[in-house]
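For reference, the chains in residue letters:
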Amino acid sequence: MVALALLFGIGTALPLVVGAVAGICLSPSDRWVGALLAFASGSLLTGLAFELFEPAFRTAGPVRTALALFAGTGLYVAVKYRVGTGGDLDGRAILAAVVFDGVAENVTLGVALVGGLANGPLAILVGIAANNLPEAVAGAEEMTETGRSPAGTLAVWTATAVGLVGTVVVGYVAFAGVGETVLAVVRAAGGGAVLASLAIEIMPDAYDSGGPTVAFATAAGLLVTFVLV
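These numbers were taken from a predicted model, which means no experiment stands behind them.

What counts, and at which threshold
Residues numbered from 1 in each chain as written. Predicted model: local features only at pLDDT ≥ 70, side-chain atom pairs only at ≥ 80, totals over all residues. Heavy atoms only, no water. Core = buried A, V, L, I, M, F, W, Y, C linked by side-chain atoms within 4.5 Å. Buried < 20%, exposed > 50% of the residue type's maximum accessible area, 1.4 Å probe, protein only. Helix = DSSP H or I, 4+ residues; strand = E, 2+ residues; numbered from the N terminus. Contact = heavy atoms within 4.5 Å. Phe/Tyr/Trp six-rings, centres within 6.5 Å; stacked < 30°, edge-to-face > 60°.

A. Spatial organisation of the nonpolar core. One finds Ala-5, Phe-8, Leu-44, Leu-109, Leu-113 and Ile-124 to be the most contacted residues of the largest nonpolar core, which totals 27 residues. Looking at this core, the elements that each hand over two or more residues are helix H1 (2–25), helix H2 (30–83), helix H3 (91–112), helix H4 (122–145), helix H5 (150–175), helix H6 (180–210) and helix H7 (214–228). At six residues, the largest contribution of residues to this core is made by H2. Among all residues touching Leu-113, those that are not within four sequence positions of it are Leu-4, Ala-5, Phe-8, Pro-121, Val-168 and Tyr-172. Counting 13 residues, the second-largest nonpolar core is a separate cluster that includes Ile-94, Val-98, Leu-164 and Val-165.

Structure representation (structure tokens):
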């Protein structure tokens, strides 16, 4: 099953490399970037509700699940503002935000894979991948515009992708042997962290880039991934 975690990790990481190439070679419009971020938002909302929170709720009950959800949200917020990856984003700041959010999301994805694909986190995978692509586009484009060589920019984003593949495997291996209740609580906490990243980073960035019409892309992301689950 480690191979499955590795495969899912590659699925989230490849868009970082593809997005970096697009950012270096092309200049995608802000509206296109916003639409992809919004699609990712809808996908992650489906994954949170049906692949993380609902199974955790059934196993751990409402009180423990709710406490874990808020704990995960609070931990993300606390670390986010301690690290300080928010604010005006240039290429390096976007990269820092991708790394920070990617660790939270990919570890959660690895945890969600424990037990196999019976309740497979396909919506979470799609959401993370859809979010990584435009973030890498914007980050790589900013880096090259501020003087970093295209080869150096691609190397940085490729290294980031490889590292984030490993975090999915770490999330899976670290929690593969725990009991069902503990696993449910961890999944709920991970869901809280991903929900916080949606509220703080992904949805605001989507709106800023694409305007009100990104609501349709968000709905599309939710619908497409709802079919998957």
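B. Seen up close, the packing of aromatic side chains. What the rule picks out here adds up to three aromatic pairs. On the basis of an interplanar angle of 40° and a centroid distance of 6.1 Å, the ring pair of Phe-53 and Phe-57 is categorised as tilted. Here the residue Phe-53 and the residue Phe-57 both occupy positions in helix H2, the gap between them amounting to four residues, near one helical turn. Ring geometry for Tyr-76 and Phe-100: centres 5.1 Å apart, planes at 50°, overall tilted. Here Tyr-76 is found in helix H2, whereas its partner Phe-100 is found in helix H3, with 24 residues between them in sequence. Neither residue differs from the other here; Tyr-76 and Phe-100 are each classed as buried.

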